[in-house]
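These are the residues of each chain, in order.
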Protein chains: 2
Amino acid sequence: MFSKACEYGIRAAVYVALQSLDGRRVSVNEIAEEIDSPIAFTAKILQQLSRSKVIHSVKGPTGGFELDRTEMDTVKLSMIVHAIDGDDIYVGCGLGLKECNANQPCPLHDKFVDIRTDLKNMLENTSLYELATGLEVGLTYLKR
Amino acid sequence: MFSKACEYGIRAAVYVALQSLDGRRVSVNEIAEEIDSPIAFTAKILQQLSRSKVIHSVKGPTGGFELDRTEMDTVKLSMIVHAIDGDDIYVGCGLGLKECNANQPCPLHDKFVDIRTDLKNMLENTSLYELATGLEVGLTYLKR
DNA sequence: AATAAATAGGACAAAAATGTCCTTTATTGG
DNA sequence: CCAATAAAGGACATTTTTGTCCTATTTATT
Ligand code: FES
Ligand code: FES
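Residues numbered from 1 in each chain as written. Chains lettered and ligands numbered in written order. Predicted model: local features only at pLDDT ≥ 70, side-chain atom pairs only at ≥ 80, totals over all residues. Heavy atoms only, no water.

As annotated in an unreviewed UniProt entry, chain A carries the name Rrf2 family transcriptional regulator and comes from Flagellimonas aequoris.

Written out as structure tokens, the structure reads:
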């Protein structure tokens, strides 16, 4: 469904949001540890997220990654997925035709578009805040 | 969503079904031509589908790939996806945790499972016959 | 100013997915 | 039997994704 990079990216962003709720800024090392991901690879992904304004980065001692409270509401999963995986998942044809086109649909088009639309809506309506709060309460996990 | 191999596999299987409706057996070359896919790679995928009993293969002159009419109804997309991409799409965690586990869910679990279940149902309820008939009537396309 | 801590970024490495080529095996028809 | 045809399969090549390592840059602290 999502690339590894995207999975790590979402988990990382949720962790940053969670810690930002307590006003804590977090380092790449801490993030990678807490979401159980390869450190250097995670660093690349955090760079991408930072460039796409999904999270903020601060250099130097006491630096790290953070998010302000208001952004946790406005940043939706769709932005993260788009920043890392691009828009294939939103506009691509399920059977791999050049583009999805309702005028010359592939045999799976109608059924596929239904699912894709649900997925898109879900991603567009899910904020980092929402995901972070479940974690805070101890109901969900970013690693096992 | 699906791998390239899986996309080609579905398109190939639908084309085989379509031609089998007319009692025509088709070669790898014809299939690759008609679904616009790389020949040798398509051959490998057809081998997989044949081994998984999704389609039948016949060697030698006048050989090729075919499906009997009754199988077109019983073969569902879920079988093709499972044969080629495995069961990740059915049982994997959306955020990449080792396995999807409702007792220790990732933050996206509930919402992800909804989508995944819809996708699973769609694949399990869609037969090759259904997809082939749309093609036959000229309403859908396997290449553009 | 010097040091140290932290992200940014480039170059490289490994693994997986995608794709190609060639030989083998089975089968048909002459 | 022989030749031709088509799938099966093994080995290899290319591309993409995933992952690592090292250096540069920024900045807080002393
Ligand atoms: S054309 Fe294939 S999903 Fe729309
Ligand atoms: S645990 Fe992540 S989707 Fe179920």
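**Focus on the relation of the copies chain A and chain B**
Each of the two copies of the chain can be brought onto the other by a rotation about an axis and a shift along it. Rotating chain A by 180 degrees and translating it 0.0 Å along the rotation axis places it on chain B, where the RMSD comes to 0.0 Å. Both chain copies can therefore be described as sitting about a two-fold axis. Proximity to the rotation axis, assessed at the C-alpha, singles out methionine 1 of chain A in chain A; its C-alpha lies 2.4 Å from the axis. Same-surface contact between copies: 100% of interface residues of chain A are shared with the interface of chain B. (Least-squares fit on C-alpha atoms with pLDDT ≥ 70 in both. Contact = heavy atoms within 4.5 Å.)

**A short note on a negative patch on the surface**
Where like charges cluster on the molecular surface, the negative patch consists of Asp110, Asp114 and Asp118 of chain A together with Asp110, Asp114 and Asp118 of chain B. Elements supplying a minimum of two residues to the negative patch: helix H7 (109-124) of chain A together with helix H7 (109-125) of chain B. Within the secondary structure layout, aspartate 118 of chain B lies in helix H7. With a relative accessible area of 34%, aspartate 118 of chain B lands in the partly exposed category. (Patch = residues over 30% accessible without salt bridge, like charges linked within 9 Å, V, L, I, M, F, W, Y side chains within 5 Å. Areas by Shrake-Rupley, 256 points an atom, 1.4 Å probe, with all protein chains shown as cover. Salt bridge = Lys/Arg side-chain N within 4 Å of Asp/Glu carboxyl O. Lys, Arg positive; Asp, Glu negative; His and termini not counted. Charge placed at Lys NZ, Arg CZ, Asp CG, Glu CD. Helix = DSSP H or I, 4+ residues; strand = E, 2+ residues; numbered from the N terminus. Buried < 20%, exposed > 50% of the residue type's maximum accessible area, 1.4 Å probe, protein only.)

**Observations regarding the protein's contact with DNA strand C**
Contacts to DNA strand C come from 27 residues, most closely from Val28, Lys44, Arg51 and Ser57 of chain A together with Pro61 of chain B. The sugar and phosphate moieties of DNA strand C supply 61% of its atoms located within 4 Å of the protein. One nitrogen or oxygen atom from the side chain of arginine 51 of chain A is found 2.8 Å from a phosphate oxygen belonging to DNA strand C. Secondary-structure elements contributing two or more residues to the surface near DNA strand C are helix H3 (39-51), strand S1 (56-58) and strand S2 (64-66) of chain A together with helix H1 (4-21) and helix H3 (39-51) of chain B. Ranked by the residues each element gives to the surface near DNA strand C, the list is headed by H3 of chain A, at 4 residues. Of the residues assigned to the surface near DNA strand C, the class counts are 11 nonpolar, 10 polar and 6 charged. (Near = heavy atom within 4 Å. Polar contact = N/O pair within 3.5 Å; in protein donor to acceptor, adjacent residues only side chain to side chain. Nonpolar A, V, L, I, M, F, W, Y, C, P; charged D, E, K, R; others polar.)

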